[in-house]
Amino acid sequence: MPRVVAKPEVCIGCHLCEVWCVVAHSRSKNILKAFLHETPRPVPRVVVEENLPFTLPVHCRHCNEPSCVEACISGALYRDPLTGRVEHDAGRCVGCYSCVMACPYGAVVMDEVNRKVARCDLCKEMGEPACVKQCPNRALVYQDSFTS
Amino acid sequence: MERFDYLIVGNSVGAVGCLETLRSFDKSSSIAVIGEEPHHVYSRALLPYYLDQEVPVEKMLYRPVDFYDRLGVTPVLGRRAVGLDTAGHVVKLDDGRIISYGKLLLATGGRPIVPPVPGLDTEKENICNFVALQDLQRISRLLPSAGRVVVLGGGIIGLMAAEALHKKGLEVSVVELAPRVLAPVVDEFTSRLIEEAFRRSGVAIYTGTTFKEVQGGERATGVVLTDGTSLPCDLLVVAVGVVPRVDLAREAGLAVNRGILVNQQMETSAADVYACGDCAEVYDFLMGNRRVLPLWPNAYAGGRVAAYNMLGMKREYDRATSMNAMHFFDLNIITAGLNTAGEKDGFEVVSRFDAGSRSYRRFVLKDDRIYGFTLVTGIARAGIFLHLMRRGCAVTSFKEKLLEREFGYLTIPEGLRRELLSDEGVISEHAAANQ
Ligand SMILES: Cc1cc2nc3c(=O)[nH]c(=O)nc-3n(C[C@H](O)[C@H](O)[C@H](O)COP(=O)(O)OP(=O)(O)OC[C@H]3O[C@@H](n4cnc5c(N)ncnc54)[C@H](O)[C@@H]3O)c2cc1C
Ligand code: SF4
Ligand code: SF4
């Protein structure tokens with residue numbers, strides 16, 4: 001199951017992964033338009049924790065038995081049995097935030113403007129996640145198979 | 001006689017947790033699900049979200065329309081299971097059909113409570129429960145002619161219904177027997193924040209009182225409270241909770257307390273019969289006892305654990321406890337565990353209220369671990385606390401930090417953090433070794 005793995009020891013806390021995540025999930029896919037003209041502005045789906053000098057990017061783990069899916073009352077969150085990805089259908093999401101309560105990693109991001117949530121979808125339309133591609137210090141790795 | 005390898009009674013979230021898990025490991029066995037409601041599987045937890053709309057059934061669906069087909073599950077809808085013979089491994093339906101099973105899951109959920117009050121009868125035209133799609137449809141039909149509504153019950157469902165009806169333009173009163181709203185779920189301070197939010201919006205809340213009688217004939221015209229207050233109404237919503245539906249199990253001779261008793265593998269006292277969700281009593285890892293935990297995640301996860309054991313893959317359900325995500329007006333709230341416990345019960349409580357942002361955090365601690373938490377307004381990343389609680393992590397060394405809004409993995413001491421993050425590979429193994 002694919003996921004983004006962090007190397008916090010080389011993360012410099014530049015937050016560019018957040019920026020490019022927003023762009024990747026914007027309508028325009030344009031960095032200026034996404035930040036200046038899109039309302040509501042998309043929320044970044046990677047959480048970069050900061051407790052300086054340490055920083056730590058956290059992404060959805062696409063868990064095998066996702067707590068978020070277990071808690072989701074609308075069926076918006078589901079795990080695709082074929083790809084192993086945990087998907088979120090924003091059209092069904094009612095913003096109850098049960099998934100925020102459930103995710104052990106704090107990887108579900110609240111989008112309060114839309115009363116919905118957002119979560120790393122691995123940029124499934126782009127092949128490689130934007131954050132991984134754009135990280136200037138290679139602190140993020142896209143691992144296609146992971147065995148825990 | 002029809003036969004299925006796996007048979008599920010009740011077509012809701014507990015059933016889905018079970019059959020999705022069964023199908024991830026077993027593509028060929030036959031599975032059927034019996035549901036007394038005629039609908040495709042829908043989410044009753046969505047009722048408050050669609051109270052203010054005439055909703056098409058599709059909006060309420062919990063799984064896509066092709067769900068049963070894709071999973072190769074036979075739905076038997078609009079039929080009630082009326083008999084269970086555990087020795088013969090058969091279930092009898094209300095149309096006389098008899099279905100035999102290899103393994104059976106009871107996921108029959110709960111039945112709404114209607115307190116014994118003179119005149120309180122949900123058969124009446126404008127008195128409704130609020131637990132099923134049919135209740136929503138009834139209320140929607142009554143709404144255009146309703147101006148005033150009384151909601152009995154100041155729990156989550158009653159309050160959510162009250163907010164939705166208020167937003168619909170109705171004049172709403174909530175009546176709660178306990179001295180404060182949500183008393184079994186949150187501490188007093190949180191109750192007050194919620195009551196304040198309702199009152200500020202113009203919803204009347206009567207606590208410490210209940211219905212003495214409901215007035216009117218075929219139509220309720222008003223209620224009189226035990227403290228003498230009279231409240232006229234055009235619509236009455238009864239939302240005081242549900243009791244486990246155990247009739248089928250009890251008549252079949254299964255061990256039943258308040259709910260159907262199950263062990264940690266979700267097995268009932270009868271061979272090959274499992275139970276989960278609102279109809280069962282499960283092991284609460286925090287309380288160390290078995291109790292009814294009528295909550296969505298508990299039904300799904302219970303169904304999943306039952307499925308593993310039905311498949312012969314031994315699994316224990318060891319993560320159940322109470323937990324809720326809720327919102328009322330501008331307040332987002334997440335709670336889990338024992339939140340009504342306080343210092344006088346031998347717990348340590350750390351809390352912080354920030355008047356500016358109106359955010360509140362409260363943690364109940366004992367033996368170096370978290371027993372409960374409530375977050376109001378700043379609820380982001382709440383799941384980290386549930387994780388710490390479920391794993392029984394030692395937190396005393398950073399208990400003050402729990403109260404900070406920016407709390408995250410970097411706030412957790414390094415050793416513990418590394419352990420928690422290596423589980424699902426948040427950080428690379430290289431980093432786990434070196435950081
Ligand atoms: C309005 C509302 C809002 C809620 N919101 C939340 C929330 O936000 N978060 C949360 O955690 N929980 C919430 N809950 C609780 C949650 O919905 C329940 O915990 C959950 O639905 C329980 O699932 P279940 O599978 O055990 O049973 P249920 O959902 O109760 O379903 C049981 C099904 O079995 C059928 N059935 C019963 N007996 C038979 C029989 N003999 N034959 C055939 N069919 C039978 C019933 O008709 C029913 O369809 C809410 C509940 C309500 C009513
Ligand atoms: S959101 Fe959280 S619980 Fe859900 S799959 Fe991602 S990491 Fe797992
Ligand atoms: S916020 Fe949306 S995705 Fe999360 S549990 Fe609620 S409905 Fe599901």
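None of the values given here were measured: they were computed from a predicted structure.

Quick look at the pattern of salt bridges
Then, number 1: Counted according to the given criterion, the structure contains 31 salt bridges over all chains.
Then, number 2: Among the ionic pairs, Glu424 of chain B bridges to Arg3 of chain A, the shortest N-O distance being 2.7 Å. A residue pair is termed interchain when its members come from two chains, as with Glu424 of chain B in the loop between helix 11 (414–422) and helix 12 (429–434) and Arg3 of chain A in strand 1 (residues 3–6).
Then, number 3: Between Arg304 of chain B and Glu70 of chain A there is a salt bridge, and its shortest N-O distance comes to 2.3 Å. On the criterion of chain membership, the pair formed by Arg304 of chain B in helix 9 (residues 296–310) and Glu70 of chain A in helix 3 (residues 67–71) is interchain, its members lying in two chains. Each member of the pair, Arg304 of chain B together with Glu70 of chain A, is buried.
Then, number 4: A single network of salt bridges, built from pairs that share partners, joins Glu65 and Glu70 of chain A together with Arg304, Arg315 and Arg319 of chain B.

A short note on the nonpolar core
Then, number 1: Leu106 and Phe328 of chain B are the most contacted members of the largest nonpolar core, which totals 112 residues.
Then, number 2: Ranked by residue count, the leading element in this core is helix 9 of chain B, at 8 residues.
Then, number 3: Those residues within four positions of Phe328 of chain B in sequence are excluded, and the remaining contacts are Ile156, Leu159, Met160, Glu163, Leu182, Ile194, Phe198 and Ile333 of chain B.
Then, number 4: Ranked by size, the runner-up nonpolar core spans 72 residues in total, among them Cys68 of chain A together with Phe398, Phe407 and Leu420 of chain B.

Description of unusual backbone geometry
Then, number 1: Residue Thr39 of chain A is joined to Pro40 of chain A through a cis peptide bond whose omega torsion reads -10 degrees.
Then, number 2: Summarising the element assignment, Pro40 of chain A is placed in the loop between helix 2 (31–36) and strand 2 (47–51).
Then, number 3: Despite not being glycine, Asp368 of chain B has its phi angle at roughly 70 degrees, a positive value.
Then, number 4: Inspection of the secondary structure assignment puts Asp368 of chain B in the loop between strand 24 (359–366) and strand 25 (369–376).
Then, number 5: In this structure Asp368 of chain B comes out as partly exposed when scored by relative accessible area, which is 36%.

With respect to the packing of aromatic side chains
All names here are of chain B.
Then, number 1: Considering all chains together, one arrives at 14 aromatic pairs over all chains under this definition.
Then, number 2: Measuring from ring centre to ring centre gives 5.5 Å for Phe373 and Phe385, while their planes differ by 55 degrees; the resulting arrangement is tilted. Separated by 12 residues along the polypeptide, Phe373 in strand 25 and Phe385 in helix 10 (residues 383–390) bring together distant segments of the chain. An identical accessibility class is assigned to Phe373 and Phe385; each is buried.
Then, number 3: Arranged with centres 4.8 Å apart and planes meeting at 35 degrees, the rings of Phe385 and Phe407 form a pair that is tilted. Here Phe385, found in helix 10, pairs with Phe407, found in the loop between helix 10 and helix 11; they are 22 residues apart in sequence, far enough to count as distant. For the residue pair Phe385 and Phe407, the accessibility class agrees, reading buried in each case.
Then, number 4: Among the aromatic residues, those joined into a ring-pair cluster are Phe363, Phe373, Phe385, Phe398 and Phe407.

Section: the sheet that holds strand 14 (residues 230–232) of chain B
Residue and element names in this part refer to chain B.
Then, number 1: Spatially, 3 strands are ordered 12-13-14 in an open sheet, and the strand pairing comes out antiparallel. What marks the edges here is a single partner per strand, and that holds for strand 12 (211–216) and strand 14. Across the sheet, the mean angle separating the axes of adjacent strands is 20 degrees when strand polarity is ignored.
Then, number 2: With 3 bridges connecting them, strand 13 (residues 220–225) and strand 14 associate as antiparallel partners. By the bridge assignment for strand 14, Val223 is matched with Leu231.

Conventions we followed
- Residues numbered from 1 in each chain as written.
- Chains lettered and ligands numbered in written order.
- Predicted model: local features only at pLDDT ≥ 70, side-chain atom pairs only at ≥ 80, totals over all residues.
- Heavy atoms only, no water.
- Salt bridge = Lys/Arg side-chain N within 4 Å of Asp/Glu carboxyl O.
- Helix = DSSP H or I, 4+ residues; strand = E, 2+ residues; numbered from the N terminus.
- Buried < 20%, exposed > 50% of the residue type's maximum accessible area, 1.4 Å probe, protein only.
- Core = buried A, V, L, I, M, F, W, Y, C linked by side-chain atoms within 4.5 Å.
- Contact = heavy atoms within 4.5 Å.
- Phe/Tyr/Trp six-rings, centres within 6.5 Å; stacked < 30°, edge-to-face > 60°.
- Pairing = 2+ DSSP bridges.
- Axes fitted to C-alpha atoms, helices over the stretch in contact; angles between N-to-C directions.

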